[in-house]
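What follows is each chain in one-letter form.
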Amino acid sequence: MAGTLVGLPEGSVLVPVHGEEHTGHVVLDPGGEVRPLPAHLPPGIPAVPLPGGRLVLPGRPERDDVGEWRPTVSIVDVGTGAVVRHHRVRAEVQSIVAGADGLVAVAVGPTWEYWTKYHGRPGFDLTEDCYVLFLDEDGPRGTWTAGRPIAGPLAIGANGDLLVPVAGELISLGWRTPRDRAQISGNRWAAEPLQSQIRNRVPLPVAPSGESRQRPDCGLRREPSACCVHV
């Protein structure tokens, strides 16, 4: 087994595996039958089920229009293994979580090591590579730009908001899908007050001093929609 188990409709379980006979995912049915998922997508970040027997999960890299390899996000039919849709993203997929109404959030961005090593060098402005992609079975619905690396897995709050741990802050995004696009609004909290309120829990990861840059133009302070790009 090479990752996290994912429960599927009707009691089946998606199992990421890495071995001599098969590397990718297999489906374990309630009766004990094991069948490979023919899409042959790499195991890793947990897949997220969609209505209608489909999954959202990271796909294999593909070349963009200038010949550079780019990560992808794929939507796969569980029954046939066919890749229904795939979408290129600017950086590695870090986390995927499902919200209401069939909308899925995908955290995209470089690792802290890559950010601190390359960001700010000539030709290496990585702020636009740190974002959340919103999509459903019909494809991308919108993005929200974090401007700094997303520091941990996405989560869904008790009120249904999307919780995004960005370096030094925890950001709560309200999200929904009216008509043909996602609408996103939110609030943010600094890490230090948050840590003082959750003394017995794991503190929010904070970047070492001097290793991150603030982007005031991307903060959700007065006009949350300013950082949301509709597609």
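Residues numbered from 1 in each chain as written. Predicted model: local features only at pLDDT ≥ 70, side-chain atom pairs only at ≥ 80, totals over all residues. Heavy atoms only, no water.

A.B. asks: Before we go on, may I ask you to explain the nonpolar core in this structure?
C.D. replies: The nonpolar side chains of a soluble globular protein tend to be buried, and buried together. Counting residues in hydrophobic clusters, the biggest one holds 21 residues, and the most contacted among them are A105, V132, F134, W144, L162 and V164. Only β10 (104–108), α1 (112–118), β11 (131–136), β14 (162–166) and β15 (169–176) provide two or more residues apiece to this core. (Core = buried A, V, L, I, M, F, W, Y, C linked by side-chain atoms within 4.5 Å. Buried < 20%, exposed > 50% of the residue type's maximum accessible area, 1.4 Å probe, protein only. Helix = DSSP H or I, 4+ residues; strand = E, 2+ residues; numbered from the N terminus.)

A.B. asks: Quick question: what am I supposed to make of the packing of aromatic side chains here?
C.D. replies: How two aromatic rings sit relative to each other is set out by the distance from centre to centre and by the angle between their planes. For the structure shown, the criterion picks out two aromatic pairs. Where Y114 meets Y118, the ring centres are 4.6 Å apart and the plane angle is 40°; that geometry is what we call tilted. Remark: Y118 and Y114 occur in helix α1; sequence separation between them is four residues, near one turn of the helix. In textbook terms, an aromatic cluster arises when at least three aromatic residues are bridged by ring pairs, as seen for Y114, Y118 and F124. (Phe/Tyr/Trp six-rings, centres within 6.5 Å; stacked < 30°, edge-to-face > 60°.)

A.B. asks: Help me understand the pairing of strand β6 (residues 54–63) in this model?
C.D. replies: Examined bridge by bridge, strand β5 (residues 48–50) and β6 share three bridges and lie antiparallel to one another. What sits directly across from V48, in β6, is V56. In textbook terms, the turn of a hairpin is the stretch between consecutive antiparallel strands, and for β5 and β6 this stretch comprises three residues, one of which, G52, has a positive phi near 85°. Note that β6 and strand β7 (residues 69–77) share eight bridges and pair antiparallel. Among the inter-strand pairings, E62 is bridged to a residue of β7, identified as R70. Hairpin remark: β6 followed by β7, antiparallel, with five residues in the connecting loop; positive phi at G67, about 90°. (Pairing = 2+ DSSP bridges.)

A.B. asks: What exactly am I supposed to notice about the confidence of the model for the protein chain here?
C.D. replies: In regions of low pLDDT, the predicted coordinates are not meant to be interpreted in detail. Of all residues in the protein chain, 73% attain a pLDDT of 70 or more, and the chain-wide mean is 75. The low-confidence segment residues 191–231 (pLDDT under 50) makes 67 contacts with residues lying over four places distant or belonging to another chain. (pLDDT = per-residue confidence, 0-100. Contact = heavy atoms within 4.5 Å.)

A.B. asks: Can you walk me through the sheet that holds strand β3 (residues 23–28) in this structure?
C.D. replies: Consider a sheet: its strands pair through backbone hydrogen bonds, and that pairing is either parallel or antiparallel. The strand order across the open sheet built from four strands is β1-β2-β3-β4, with neighbouring strands paired in antiparallel fashion. Edge strands, defined here as strands with exactly one partner in the open sheet, are β1 (6–7) and β4 (34–36). Pairing of strand β2 (residues 13–18) with β3 involves six bridges; the strand directions are antiparallel. Directly across from V17, in β3, lies its bridge partner G24.

A.B. asks: Before we go on, may I ask you to explain the pattern of salt bridges in this structure?
C.D. replies: When their charged atoms lie close together, side chains carrying opposite charge are able to pair. Applying the stated criterion across every chain yields a total of eight salt bridges. Here E68 makes a salt bridge to R70, at a shortest N to O gap of 3.4 Å. With a relative accessible area of 44%, E68 lands in the partly exposed category. Here R90 ties to D129 by a salt bridge, and the two come within 2.7 Å at their closest N and O atoms. Here D129 lies in the loop between α1 and β11 and R90 lies in the loop between β8 (83–88) and β9 (93–98), a separation of 39 residues in the sequence. According to the relative accessible area criterion, D129 is buried, its value standing at 11%. Look at the salt bridges and you will find they share partners, linking E62, D65 and R88 into a network. (Salt bridge = Lys/Arg side-chain N within 4 Å of Asp/Glu carboxyl O.)

A.B. asks: Looking at this model, I keep getting lost on the sheet that holds β7. Mind explaining?
C.D. replies: Spatially, the four strands line up as an open sheet ordered β5-β6-β7-β8, and their pairing is antiparallel. On the outer flanks of this sheet lie β5 and β8, each paired with one strand and no other. With strand direction ignored, the average angle separating the axes of adjacent strands in the sheet is 40°. (Axes fitted to C-alpha atoms, helices over the stretch in contact; angles between N-to-C directions.)

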